[in-house]
Amino acid sequence: ILDGAEIQGDILAGFRKDHVRLLFISVTDVAVPAFKAWIRAIAPKLAYLDAVADFNRKFSTARRASADGRDPPMSVTWMNLAISGQGAKRLLSQDQWSQLDITFLNGPTEDATLVGEPDAGSPGGSRSWLVGAPNQGHDALLIIAGDERAEVDNTAAAHKDELLQLVANVAAVTVRLESGDIRSAQKGHEHFGFKDGISQPGVRGRIGTATGPYVTPRVLDSQDPWYALYAAPGQPLCYPGEFVLGYPRKHEGSDDPNDTVVDPTTPLTKHGSYLVYRRLRQDVPGFIAAAETMAAQLSQNPSFGPRTTAFAAACLVGRWPSGAPVMRTPLADNQKLGDDSYASNNFQFVQASHVPKYSAGSEIPPDDFPQARDDTLGSTCPFSAHIRKVNPRDQTTDQGPATRTLEHRILRRGIPYGVDYDPTKPGSDKEERGLQFLCYQSSIQRGFQFLMNQWANSADFPLGRGYDIVIGQRGEASRSVTVLAPDNSPVSVTFPQRYVVTTGAAYLFSPSKTALLSCFGA
Ligand code: N7H
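Nothing here was measured: the structure is a model prediction, and the numbers come from that model. (Residues numbered from 1 in each chain as written. Predicted model: local features only at pLDDT ≥ 70, side-chain atom pairs only at ≥ 80, totals over all residues. Heavy atoms only, no water.)

The helix and strand tally for the protein stands at 14 helices and 16 strands. For the protein, the C-alpha radius of gyration of 23 Å lies close to 24 Å, the compact-globule estimate for 522 residues. Taking the principal axes of the C-alpha coordinates as reference, the protein spans close to 70 × 55 × 45 Å. Within the protein, residue pairs in contact and separated by at least 24 positions form 71% of the contacts whose partners lie at least 6 positions apart. When the accessible surface of the protein is totalled, it reaches about 20,800 Å², and 53% of it is carbon and sulfur. Computed over 51 positive and 56 negative side-chain charges, the inter-centroid distance for the protein is 1 Å. (Helix = DSSP H or I, 4+ residues; strand = E, 2+ residues; numbered from the N terminus. Rg over C-alpha atoms; globule rule 2.2 N^0.38 Å. Contact = heavy atoms within 4.5 Å. Areas by Shrake-Rupley, 256 points an atom, 1.4 Å probe, with all protein chains shown as cover. Lys, Arg positive; Asp, Glu negative; His and termini not counted. Charge placed at Lys NZ, Arg CZ, Asp CG, Glu CD.)

Below, the structure written as structure tokens:
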């Protein structure tokens, strides 16, 4: 049972809003008493799991009911608050802050080399970050998310003013605003053009005393062995403790998915979650040019024959722009498959995708799209493809059997920022655009840090097929991938630069309502 009144709403349910404003707050010691009072005042106004899950459930029911499939006119603006390691040390006693994770306390600049960033002083290194550069960290992050742009902007402006007026000393509080908005030209797609936010871990558990299942299991046939293990086709269930402290999680290192452990918590840590923020600048023309070069190189291989830029880009991501997975449509995009939120995530890498039986009243429509085939060798979806690197699904990994991958799932809450790339507009390539990347996990080491360091940045994982070209990084050096042609001959492609560059970072903790009121705000 998940405590819906304590857990902040963005963690498990997700705000799923079109407009997000991030207020990065820094306070000096003189402002601490006023800031604590502000935390006590805002804690009851934040959106907790109960409210957000309830809204999301009503929203999706209304969407299903709407004849034209368009979003129902429901609008709301939510807020959540997270505290950084620097903030925790400022607001809490040492006895208290030492209960928090060491990677979080040290912050992202300490972690930069481990996750593959260039040296602090080199181009793209942490000293050039716009958010969270060394000695310029923030104490807290107020997340404001809503459906109406103007309302979100007004809420952010009002809270910024309020914070700046907390104390008479104007230098005592500073606030940096970062924005994220869905791309108006391509709703739900990130700047490289790919649909995002399709695959999320399913979470076991019910909220409070609610009788209905929370995230799932949906109405799959209860006779089906899948029933107990999957939230939806292709969406295995994870234990809530992978994301929220104080709940069962899979015993680390155990191959048995039913072997669970609950880490000890305190009133400070219970119901809390670690939040990783990355401001990721995307070089869209650079990515397109790289895909063009890759396509030309693949086309020279007789077994491949002529291949398009779109094909090369899909090899790098593992999905086509519509969201359709390469595993289910290897040679061309399939818009209908991309539009089907269940079928587009119903695939594995080793076994053919599983089509569950549907009981009467199931909300999951039949899946008539071509099935994925066994791809143990990585000849359909390259091992280096972004989605295969960060979620190898049913494939055995360096960690062991597929159940071990469930220890490394994250809840992604990112949203694009900046204007669309327009090749016809002079100077468009110089404009700022990218992803405000946010993800929740109960351990940064097992979540974000592991995915970056152990899988995306490891050219060896799996079988030496190279880097995740989307997010992998190796300082300033170039990176390669090896893809297999239809006759399984290897083709190696080298990428001279990065197309996603970190321009800001923060490691945060999203506390429970009680911890905000009686620890951080006390
Ligand atoms: Fe990724 N992209 O456009 O290429 N991502 N990502 N990501 N990502 C995903 O399945 C992208 C980043 C994950 O379960 C999709 O929802 C871009 C970081 C995970 O099958 C696309 C950036 C990390 C998944 C992108 C970026 C991750 C995932 C497919 C940076 C964590 C789910 C849509 C600018 C370390 C995989 C979907 C699964 C999916 C892209 C960042 C992780 C299109 C452009 C930093 C776990």
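In this section: the site of the ligand. Contacts to the ligand come from 28 residues, most closely from Ile198, Ser199, His386, Asn391 and Arg412. Contact between the ligand and arginine 319: an oxygen atom at 3.1 Å from a side-chain N or O atom of the residue. In the model, an oxygen atom of the ligand is placed 3.1 Å from a nitrogen or oxygen of the arginine 409 side chain. Secondary structure elements with two or more residues in the shell around the ligand: strand E10 (273-282), helix H12 (386-390), strand E13 (433-441) and helix H13 (445-456). Among the residues making up the shell around the ligand, the classes are represented as 16 nonpolar, 5 polar and 7 charged. A domain-level breakdown of the shell around the ligand finds at least three residues from each of domain 1 (9-66 + 76-278 + 505-520) and domain 2 (283-410 + 454-502). (Near = heavy atom within 4 Å. Polar contact = N/O pair within 3.5 Å; in protein donor to acceptor, adjacent residues only side chain to side chain. Nonpolar A, V, L, I, M, F, W, Y, C, P; charged D, E, K, R; others polar. Domains from an automatic or database assignment.)

Once that is clear, we can look at the packing of aromatic side chains. Considering all chains together, one arrives at 18 aromatic pairs under this definition. Consider the rings of phenylalanine 55 and tryptophan 78, whose centres lie 5.8 Å apart with planes at 90 degrees: the pair is edge-to-face. Placement of the pair is phenylalanine 55 in helix H3 (residues 49-65) and tryptophan 78 in strand E2 (residues 77-84), with a sequence separation of 23 residues. Ring plane angle 70 degrees and centroid distance 6.0 Å describe the contact between phenylalanine 304 and phenylalanine 311, whose orientation is recorded as edge-to-face. Classification of phenylalanine 304 by relative accessible area gives buried; the value is 8%. The structure contains a cluster of three or more aromatic residues connected by ring pairs, namely Phe192, Phe194, Phe287, Phe495 and Tyr499. (Phe/Tyr/Trp six-rings, centres within 6.5 Å; stacked < 30°, edge-to-face > 60°. Buried < 20%, exposed > 50% of the residue type's maximum accessible area, 1.4 Å probe, protein only.)

Glancing now at the nonpolar core. In this structure, Leu81, Leu142 and Phe520 are the most contacted members of the largest nonpolar core, which totals 100 residues. Split by domain, this core shows at least three residues from each of two domains, domain 1 (9-66 + 76-278 + 505-520) and domain 2 (283-410 + 454-502). Apart from residues lying up to four places away in sequence, leucine 142 is in contact with Arg21, Leu22, Leu23, Ile25, Trp38, Ile42, Leu46, Met79, Asn80, Leu81 and His159. Counting residues in hydrophobic clusters, the runner-up holds 37 residues, among them Leu22, Val244, Leu406 and Leu438. (Core = buried A, V, L, I, M, F, W, Y, C linked by side-chain atoms within 4.5 Å.)

A separate point is the side chain of glutamate 190. Here glutamate 190 lies in the loop between strand E4 (173-181) and strand E5 (202-203). For the buried glutamate 190, which has no salt bridge, the nearest side chain bearing the opposite charge is arginine 183, at an N-O separation of 6.0 Å. A distance of 2.8 Å separates the side chain of glutamate 190 from the side chain of glutamine 282, its partner in a polar contact. Residue contacts for glutamate 190: discarding those within four places in its chain leaves Arg183, Asp196, Gln282 and Pro416. (Salt bridge = Lys/Arg side-chain N within 4 Å of Asp/Glu carboxyl O.)

Let us look at the pairing of strand E16 (residues 500-510). Most of E16 is tucked away, with 10 of its 11 residues classed as buried. As judged from the 2 bridges shared by E2 and E16, these two strands associate in the antiparallel manner. Among the inter-strand pairings, serine 84 is bridged to a residue of E16, identified as leucine 508. One ladder, built from 10 bridges, connects E10 with E16; its direction is antiparallel. Its bridge partner being in E16, tyrosine 277 is matched across the sheet by alanine 506. (Pairing = 2+ DSSP bridges.)

What follows is about the coordination of the iron atom of the ligand. No protein donor other than His386 (NE2) coordinates the iron atom of the ligand, and that contact is at 2.1 Å. For histidine 386, the location among the structural elements is in helix H12. (Donors = N, O, S within 2.8 Å, 3.2 Å for Na, K, Ca; no water.)

Attention now moves to the sheet that holds E5. Judged by pairing direction, the sheet is mixed, and its 3 strands sit side by side in the order E5-E7-E6 without closing on themselves. Of all the strands in the sheet, the pair left with one neighbour each is E5 and strand E6 (230-232). Direction of pairing for E6 relative to strand E7 (residues 235-238): antiparallel, over a ladder of 2 bridges. The residue bridging alanine 232 from the neighbouring strand is glutamine 235, located in E7.

Take the packing of helix H9 (residues 284-299) against helix H10 (residues 309-317) next. The axes of two packed helices give the description: the angle between them and the distance between them. Put simply, H9 and H10 touch, their axes get as near as 8 Å, and they point 105 degrees apart. In terms of orientation, H9 and H10 fall into the roughly perpendicular class. The segment H9 lies against H10, with Phe287, Ile288, Ala291, Glu292, Met294, Ala295 and Leu298 engaging Thr309, Phe311, Ala312, Ala313, Cys315, Leu316 and Val317. When grouped by side-chain class, the residues that make up the contact of H9 with H10 number 12 nonpolar, 1 polar and 1 charged. (Axes fitted to C-alpha atoms, helices over the stretch in contact; angles between N-to-C directions. Parallel < 35°, antiparallel > 145°, perpendicular 65-115°, else oblique.)

With that settled, consider the pattern of salt bridges. Within the structure shown, the criterion is met by 27 salt bridges. Put simply, arginine 498 and glutamate 117 hold a salt bridge, and the shortest N to O gap is 3.6 Å. Residue arginine 498 is found in the loop between strand E15 (490-495) and E16, and its partner glutamate 117 is found in the loop between helix H7 (108-111) and strand E3 (140-146); the two are separated by 381 residues along the sequence. The exposure class assigned to arginine 498 is buried, which follows from its relative accessible area of 11%.

What follows is about the environment of phenylalanine 369. The topology assignment puts phenylalanine 369 in the loop between helix H11 (335-339) and H12. The exposure class assigned to phenylalanine 369 is buried, which follows from its relative accessible area of 18%. Along the sequence, phenylalanine 369 and asparagine 346 sit 23 residues apart, while their C-alpha atoms lie 10.0 Å from each other. With residues up to four places along the chain from it excluded, the contact list for phenylalanine 369 reads Arg328, Asn334, Lys336, Leu337, Asp340 and Ala343.

In a regular helix each residue adds 1.5 Å, so 16 residues correspond to 22 Å; helix H8 (residues 149-164) covers 22 Å between its end C-alpha atoms and thus fits that length. Within H8, the full set of buried residues consists of Val152, Thr155, Ala156, His159 and Leu163. Within H8, the buried residues cover an arc of 95 degrees as seen down the axis, which keeps them to one side. What points out from H8, more than 90 degrees from its buried face, is the exposed set Ala150 and Asn154. (Expected span 1.5 Å × (residues − 1). Arc of directions from axis to C-beta.)

Keep in mind these numbers describe shape, not what the thing actually does.
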